[in-house]
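# Chains, contacts and geometry: an overview
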Amino acid sequence: MRSLLFAVLAAYLIAAIHSILAFVNKRRSLQQVAQWSMAIGFVLHTATLIDDWAVDGHYPLFGQRETLSFLAWALVAGYALVLYRYQAQAVGAFAMPLISILTFLALLISPDSAVSAAKFSTTWLFPIHTTMLIFAYAAFFIVFMASVMYLLQERELKLKTFSGFFYRLPALSTVNEIATHAAALGLTLLTLGLVAGVFWNWSLHGQMWRNDPKEIFAVLTWLLYFVLAIYRSTANWRGRRAAWLGVFGFVLVLCTFLAAPLLGSYHVFGMALL
Amino acid sequence: MSIILIGLNHKTAPVEIRERLALDDAACAAGLRSLVDGEVVREGLIVSTCNRVEILSATANDQIEFGAGRVTQFLDTSGQLPPGFLNDHLYRHTDEEAVRHVFRVASSLDSMVVGEPQVLGQVRHAYSLAVEAGTAGRVLNRLVHHTFRVAKRVRTETGIAASAVSISYMAVELGKKIFSSLKGSTVMLIGAGEMAELSAKHLLNAGASRVLIVNRTEATAQQLANQIGSATVVPFEHLDDSLHDADLVICSTGAPDYVLKEEHLRKATARRRKRPTCLIDISVPRNIDPACAKVRNVFLFDIDDLENVITSNIREREREAERAELIVQSEVMQFQQSLRLMDVGPSIGAMREQFQDVARAELARQRKKLGPLTKEQEAAVESLLMSTVNKISHPILNQMRRFYGASDADASQASADLFDLEE
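Residues numbered from 1 in each chain as written. Chains lettered and ligands numbered in written order. Predicted model: local features only at pLDDT ≥ 70, side-chain atom pairs only at ≥ 80, totals over all residues. Heavy atoms only, no water.

### Observations regarding empty space enclosed by the protein
All names here are of chain B. This is how the line gets drawn: Lining residues are defined by having an atom within 4 Å of a point belonging to a cavity or pocket. Those points lie on a 1 Å grid over the protein atoms alone, cavities being sets where a 1.4 Å probe fits but cannot get out and pockets being open sets with protein on both sides within 12 Å along at least five of seven lines. Grid points are joined across faces, edges and corners, and a volume is the space filled by probe spheres set on the points. By definition, any uninterrupted DSSP run of H or I lasting at least four residues is a helix, any uninterrupted run of E lasting at least two residues is a strand, and each is numbered from the N terminus. Residues are grouped as follows: Ala, Val, Leu, Ile, Met, Phe, Trp, Tyr, Cys and Pro are nonpolar; Asp, Glu, Lys and Arg are charged; every other residue, Gly included, is polar.
One pass over the structure, following the stated rule, counts 2 cavities of 30 Å³ or more. Space inside the largest cavity adds up to approximately 90 Å³. Around the largest cavity sit Leu5, Leu45, Val47, Glu54, Leu56, His101, Val102, Val105, Val123 and Val144, which together line it. Elements supplying a minimum of two residues to the lining of the largest cavity: strand E2 (41-48), strand E3 (52-59) and helix H4 (95-106). Tallying contributions element by element places H4 first for the lining of the largest cavity, with 3 residues. When the residues that make up the lining of the largest cavity are grouped by side-chain class, the tally is 8 nonpolar, 1 polar and 1 charged.

Given below as structure tokens:
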């Protein structure tokens, strides 16, 4: 359903532009437009995914195109949660453009062949593996953004010089809390996703570990976020160090995400990025 | 109808004059009743605050001078001043200028501190007094409601009131920036001076739940605690023991040396599980050791830091005020347009009535010749007549609206005359 995805992209673009304008001009009316068009985009996007599923006959998270589209969808869901829970509209000015770019890339890539997907959809472990990981990546992106916002503001508070950003970003305690919760959620999803992947591999090939670059990165990522989650979950306020961990963690996430196509990996399923 | 605004504010009159003219609620109501006579001054509203006394009134178009004279005279007598005494201090705006002035005042563009939020409430209060006194009519109702809309637009679409411009309010601003909400937070005042009191009041308004007062002279601290209401006095020797409770510390003692040092903060921060602390030092010489800022999650601001931020905030407000002026400008034009259409409203309505009456009368005259009709047929005949009349009269009415919109009084009068209409 390419035409529907065009509509999704249009809605996300409108949301991105209005989020940025709302961020710059601090206007509530623009923010409303952004949120409504994001909601419309999300509904259409969900419809696109369901439609893909129905037409192609496999879970709509397999090839490169589907992965990008699904990741964009997961990010919208994540941002919506942040909005609902923390009213941190500023996140949208950064998340919405990225979501738009991901959707645009998904549109550029031609539809994946459905043939190779068939053998993976025999068990429900594979879709769980991929879905959990995509949502974990979305959560880690939110940790990353909140961490950057924290570091930026902490620096300005210490230096006592406030830039335009300062007045537009959510409060220090808010971004600290967003990072803490998103990291915990992301770690849970990552764990579930990895366990599902290991079991899936075992059930299919009788083997749990392949020494794949992607697998190695994934385990490193898991370790880092495990440390981060433990560090953050103690009763003490965790500011700067945890924020730096959130930033480095995301670099690892990117490595994991891109390891397959770049380093040559078993995880290349019909050009998949997972 | 014309709108006249006469008054004075902090820019045109010193406080000695403003205080003589300031009216309390009862005086406002009485003044409005005596000023608005329904003949010359048809509608009236008085805004009286510590920075301005302004009288907004509506008169017939040809009685502007007379009406303005009455208002000036009213001001003279209410201030018990000789006639002409106020001439140098009063400003007078009519119609478009008056509308612009009201919009600017309510949007806080004319305030001493641009963007301060109280003035809108004061205008609102003035309006409710006028409504109670029965002196707000067709024109002022419309103007005041439009004013509220403009003020809201300015507030939401510009950052005119976004940042703090006073030292006492900076504490609230910084607290919100760090803790996101001050609800449930604890504030410690070291030193019981005026600045401490003002900051504490702002912080309590913003939701702070506990105030600790530390002062060398305990009696002074107790006095301030009583004034604030919900405050606890902490003996100076126990400062160290309760420092970890404080999210915000405002320090304003006259001590010649540092009251808070780095090791105090290290201990307190560890005890409060590394949660951030915001220290504000408004005393000169400084009472908080600058080295405290080295402690992680401690944010220290001295008086110069605050002044710097405030200066840049004021500049920011001025930039935003320019944007606000553009909004006011476009709203003034819209209001003037709607006012003209309001004038034309009754006569256009009357004309349409007249046309429809003619059609109905004709139908009644010819009805018998049509014989018995079903309900549908009856309705069809009537709608046929009405839509014919409406379609024919539509361009004429539109033309009239345009004349009024362009404020072409002669042309609109001519069209009213053409159909023998009276206003």
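There's more to say after this.
### A closer look at the interface of chain A and chain B
For clarity, the cut-off: Pairs of residues are marked as contacts when any of their non-hydrogen atoms sit within 4.5 Å. Buried surface area refers to the total accessible area, computed with a probe of radius 1.4 Å, that the two partners give up upon joining, counted for both partners together. We define a salt bridge as a side-chain nitrogen of Lys or Arg found within 4 Å of a carboxyl oxygen belonging to Asp or Glu. For this analysis, a polar contact is any N or O atom pair within 3.5 Å, provided that within protein one partner can donate a hydrogen and the other can accept it, and provided that sequence-adjacent residues contribute only side-chain to side-chain pairs.
Across the contact, 25 residues belong to chain A and 29 residues belong to chain B. The largest share of the area that chain A buries against chain B comes from Lys158, Lys160 and Trp237 of chain A, three residues that together contribute 27% of it. Taken together, chain A and chain B are joined by 1 salt bridge. The salt bridge involving lysine 160 of chain A is made with aspartate 305 of chain B; its shortest N-O contact spans 3.2 Å. On the surface where chain A and chain B come into contact, there are 11 residue pairs in polar contact (both at pLDDT 80 or more).

### Concerning the domain arrangement of chain B
How big an interface is tends to be expressed through the accessible area that disappears when the partners come together. Threshold: Each domain span listed reflects an automatic or database assignment of domains.
Taken as a whole, chain B is organised into domain 1 (2-161), domain 2 (167-312) and domain 3 (340-419). Centre-to-centre separation of domain 1 of chain B and domain 3 of chain B, based on C-alpha positions: 41 Å.

### A few points about the pairing of strand E8 (residues 248-251) of chain B
Residue and element names in this part refer to chain B. Let me state the cut-off plainly: Burial here depends on accessible area, computed with a 1.4 Å probe over protein chains only, as a share of the maximum for the residue type. Under 20% is buried, over 50% is exposed, and the range in between is partly exposed. Between any two strands, at least two bridges found by DSSP are needed for them to pair.
Of the two faces of E8, the one lined by Leu248 and Ile250 and the one lined by Val249 and Cys251 are each fully buried. Inspection of the sheet shows strand E5 (residues 186-190) paired to E8 by 4 bridges, in the parallel sense. Among the inter-strand pairings, methionine 188 is bridged to a residue of E8, identified as valine 249. As defined by bridge partners, E8 adjoins strand E9 (residues 277-281) across 4 bridges and the pair is classed as parallel. What sits directly across from valine 249, in E9, is leucine 279.

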